[in-house]
Amino acid sequence: MSNKSTAIVATMGIDIGKNWFHVVGLDRRGAIVLRQKWSRSQVEARLANMPPCLIGMEACVGAHHLSRKLQLCGHDARLMPAKYVRPYSKGQKNDFRDAEAIAEAVQRPTMKFVAIKTADQLDLQALHRVRGRLVSQRTGIVNQIRAFLLERGVAVRQGLRFLRTELPIILATRSDVLSPRMMRMIEALAGDWRRLDERIEGLSNEIEAVAYHDPACERLMTVPGIGPIISSAMVAAIGNGAVFTKGRDFGAWLGLVPKQISTGDRTILGAISRHGNRYLRALFVQAAWVVLIRIKDWDRYGLKAWIDAAKKRLHHNVLAIALANKLARIAWAVLRKECAFECMKRRAMASRPA
């Protein structure tokens, strides 16, 4: 790599691979002045010796760590969703053309960027991902036990707590329909279930400990329906929420807004888009159901009038999604403005002179 070519690089696109990174550098006019393949060990050393420039990468495994390293070297490193880079790719796909498309996309003023996560955010996100995988495995084991029992004519009411309560009784009394081999298999599956419960509980306790010691999570937990799991997952995903300009953008990123297929003067709105963070979207929907089913004093949070009006015109499933979107917007505002949730109606009444 010549000193002349590195001195005039204004924008760089890096296509991240497992072992090799394909690099394309553009000058201020947009012409390609650098086109090379570097090993993983060469990237930091070579970029540390280059003048500061704008560097774009797709948000993927390892991108957040590399972005932090490049920012320490003085570069303006930015991450983008891969689906927003794809339209800038020209011709057949290869790694150099992908890097060129990244360099083109990162210059666009309307491009939507991904906030670079800190090491603490990645640690917290890892806790949630491991916990989510264990919960999925537990669900699979429970469904398998339930299916084996149904094949023998033993039906158990739906829900983890019902099967957990009735399974020891079934194993002790239903030897007439369960063969010894099937009894051993179900007992082994029940053992796997208990071990997964212990691991999930341990991870949940660790996440709760982090949430109760984090000011941002504590503020989020003042929003109805949001507890340690949702608050910590939200902080791990978006940090302080600065990447979004308004609450609706956060709701759209979660996929909680209607899919729009409009043309001309016709506005067609369908089901929710389901784009973005699937894990966080599911948590907010669960929070909405908690508010609808378990919380009775809606007026305490200023939600009674809105929920009562929405109940008259929406199916209960649609209402849950609409409420999840509303809670997501409230949570973003709480996170971004760094203030706890407070019902405006009550606050106004408290400030009124007696």
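Parameters at a glance
Within each chain, residues carry numbers counting from 1 in the order of the written sequence. Totals for whole chains, interfaces and linings use every residue, but because this is a predicted model, local features are given only for residues with pLDDT of at least 70 and side-chain atom pairs only at 80 or more, for both listing and counting. With hydrogens and water set aside, each side-chain value is computed from the structure's full complement of heavy atoms. For the purposes of this entry, the term helix denotes a DSSP run of H or I that reaches at least four residues, the term strand denotes a run of E that reaches at least two, and both are numbered from the N terminus. To get the radius of gyration, use the C-alpha atoms; to get the globule rule, take the number of residues to the power 0.38 and multiply by 2.2 Å. Whether two residues are in contact is decided by their heavy atoms, any of which lying within 4.5 Å being enough. The sign given to each residue is positive for Lys and Arg and negative for Asp and Glu; His and the chain ends receive no count. Lysine's charge is taken at NZ, arginine's at CZ, aspartate's at CG and glutamate's at CD. We call a residue buried when its accessible area falls under 20% of the maximum for its residue type, exposed when it is over 50%, and partly exposed in between, using a 1.4 Å probe and counting protein chains only. One requirement defines pairing of two strands: DSSP has to find at least two bridges between them. Any Lys or Arg side-chain nitrogen located within 4 Å of an Asp or Glu carboxyl oxygen qualifies as a salt bridge. Polar contact is defined as a pair of N or O atoms within 3.5 Å, subject to the rule that within protein one atom must be able to donate a hydrogen and the other to accept it, and that residues adjacent in sequence are counted only when both atoms are side-chain atoms. Angles shown run from 0 to 180 degrees and are taken between the N-to-C directions of axes, each axis being a line fitted to C-alpha atoms and, for helices, limited to the stretch in contact. Orientation labels follow simple angle bins: below 35 degrees gives roughly parallel, above 145 gives roughly antiparallel, 65 to 115 gives roughly perpendicular, and whatever is left gives oblique. Helix crossings are classified by the rotation of the near helix relative to the far one: an anticlockwise turn of less than a right angle makes the crossing left-handed, while a clockwise turn makes it right-handed. Each residue gets one label: Ala, Val, Leu, Ile, Met, Phe, Trp, Tyr, Cys and Pro are nonpolar, Asp, Glu, Lys and Arg are charged, and the others, such as Gly, are polar. Put simply, buried Ala, Val, Leu, Ile, Met, Phe, Trp, Tyr and Cys residues joined by side-chain atoms within 4.5 Å make one nonpolar core. Between 30 and 60 degrees the pair is tilted, below 30 it is stacked and above 60 it is edge-to-face, where a pair is any two Phe, Tyr or Trp rings, Trp via its six-membered ring, whose centres lie within 6.5 Å. Sitting over a ring, as applied to charges here, requires NZ of Lys or CZ of Arg to be within 6 Å of the ring centre and within 35 degrees of the ring normal.

J.: I keep staring at the overall build of the protein and nothing clicks. Help me out?
T.: A tally of helices and strands in the protein yields 15 helices and seven strands. Taking 2.2 N^0.38 as the reference for a compact globule, 354 residues should give roughly 20 Å; the C-alpha atoms of the protein span a radius of gyration of 26 Å, well beyond that estimate. With the principal axes as the frame, the protein shows a C-alpha extent of 80 × 70 × 50 Å. Taking contacts inside the protein between residues at least 6 apart in sequence as the whole, the part at least 24 apart equals 56%. The averaged location of the 30 negative side-chain charges in the protein is 5 Å from the averaged location of its 57 positive side-chain charges.

J.: Explain the pairing of strand 4 (residues 54-58) to me, please; I cannot follow it from the model alone.
T.: Most of strand 4 sits out of view: four of its five residues are buried. Sheet topology note: the strand 1 (residues 11-15)/strand 4 ladder contains four bridges and is parallel. The residue of strand 4 that forms the bridge with Met-12 is Ile-55. With five bridges connecting them, strand 4 and strand 5 (residues 76-80) associate as parallel partners. The residue of strand 5 that forms the bridge with Glu-58 is Met-80.

J.: What am I meant to see in the side chain of Arg-281 here?
T.: Locating Arg-281 in the fold gives a position in helix 12 (residues 278-293). Despite being buried, Arg-281 has no salt bridge partner; Asp-249 is the closest side chain of opposite charge, sitting 15 Å away. Within the local environment of Arg-281, its side chain forms a polar contact with the backbone oxygen of Arg-274, the two atoms lying 3.4 Å apart. Look past the residues within four positions of Arg-281 in its chain and what remains in contact with it is Leu-254, Gly-255, Leu-256, Arg-274, His-275 and Gly-276.

J.: Sorry if this is basic, but what is going on with the packing of helix 13 (residues 304-313) against helix 14 (residues 316-337) here?
T.: The description of two packed helices rests on the angle between their axes and on the distance between the axes. Packing of helix 13 against helix 14 brings their axes to within 10 Å, and their N-to-C directions diverge by 150°. When the axis of helix 13 is compared with that of helix 14, the two are roughly antiparallel. In this structure, the crossing between helix 13 and helix 14 has a hand that is right-handed. Between helix 13, through Trp-306, Ile-307, Ala-310 and Lys-311, and helix 14, the contact on the second element is made entirely by Leu-319, Ala-322, Leu-323 and Lys-326. Looking at the contact of helix 13 with helix 14 residue by residue, the class counts come to six nonpolar, no polar and two charged.

J.: I'm lost on the packing of helix 7 (residues 160-173) against helix 8 (residues 180-212) in this one. Help?
T.: Closest axis-to-axis distance for the helix 7/helix 8 pair is 12 Å, and the angle between their directions is 140°. Handedness of the helix 7/helix 8 crossing: left-handed. Residues Leu-160, Leu-163, Arg-164, Leu-167 and Leu-171 of helix 7 pack against Met-183, Ile-186, Glu-187, Ala-190, Trp-193 and Asp-197 of helix 8.

J.: Mind showing me how you'd approach the environment of Val-61 here?
T.: Note on placement: Val-61 falls in the loop between strand 4 and helix 3 (63-72). Separated by 45 residues in the primary sequence, Val-61 and Ile-16 have C-alpha atoms spaced 8.8 Å apart.

J.: Mind showing me how you'd approach unusual backbone geometry here?
T.: A negative phi angle is the norm for most residues apart from glycine, just as the trans form is the norm for most peptide bonds. Here the phi dihedral of Arg-274 falls at roughly 60°; this positive angle occurs in a residue that is not glycine. Tracing the chain through its elements places Arg-274 in the loop between strand 7 (269-272) and helix 12.

J.: Which parts of the structure should I look at to understand the sheet that holds strand 3 (residues 32-39)?
T.: Strand pairing in a sheet is mediated by backbone hydrogen bonds. Such pairs are either parallel or antiparallel. Judged by pairing direction, the sheet is mixed, and its five strands sit side by side in the order 3-2-1-4-5 without closing on themselves. Each edge of the open sheet is held by one strand with a lone partner, namely strand 3 and strand 5. Here the strands of the sheet are splayed against their neighbours by 20° on average, with no regard to which way each runs. One ladder, built from five bridges, connects strand 1 with strand 2 (residues 20-26); its direction is antiparallel. For Gly-13, the partnering residue across the bridge sits in strand 2 and is Val-24. This element, helix 2 (residues 40-48), spans strand 1, strand 2, strand 3 and strand 4 of the sheet and lies at about 135° to strand 3.

J.: When you look at the pattern of salt bridges in this model, what are you seeing that I'm missing?
T.: Any two side chains of opposite charge can pair, on the condition that their charged atoms come close. Considering all chains together, one arrives at ten salt bridges under this definition. Among the salt bridges present, the one from Arg-152 reaches Glu-151, with a minimum N-O distance of 3.4 Å. The class of Glu-151 is exposed, set by a relative accessible area of 59%. Put simply, Lys-304 and Asp-308 hold a salt bridge, and the shortest N to O gap is 3.3 Å. Taken as a pair, Lys-304 and Asp-308 lie in helix 13 at a separation of four residues, close to a single helical turn. Overall, the relative accessible area of 28% leaves Asp-308 in the partly exposed class. Each member of the salt-bridge network shares a partner with another, and the members are Arg-138, Arg-164 and Asp-197.

J.: What exactly am I supposed to notice about the nonpolar core here?
T.: Generally speaking, a soluble globular protein has its nonpolar side chains buried in company with each other. Formed by 70 residues in total, the largest nonpolar core has its most connected members in Ile-145, Leu-149, Met-234, Phe-250, Leu-280 and Phe-284. Ignoring anything within four residues of it in the chain, the contact list for Met-234 reads Leu-220, Gly-239, Phe-250, Leu-280, Phe-284, Ala-331, Trp-332 and Leu-335. Ranked by size, the runner-up nonpolar core spans 19 residues in total, among them Ile-14, Val-43, Ile-55 and Leu-66.

J.: When you look at the packing of aromatic side chains in this model, what are you seeing that I'm missing?
T.: Counted under the stated rule, the structure contains five aromatic pairs. Ring centres of Phe-250 and Phe-284 lie 6.1 Å apart, and the angle between their planes is 80°; on these two criteria the pair is classed as edge-to-face. With Phe-250 in helix 11 (residues 247-254) and Phe-284 in helix 12, this pair connects stretches of sequence that are 34 residues apart. Across the pair, exposure class does not vary: Phe-250 and Phe-284 are buried alike. Through successive ring pairs, a cluster of aromatic residues spans Phe-244, Phe-250, Trp-253 and Phe-284. Its end group placed over the ring of Trp-20, Lys-37 keeps NZ or CZ at 4.9 Å from the ring centre. Positioned above the aromatic ring of Phe-113, the side-chain terminus of Arg-78 is 5.2 Å from the ring centre.

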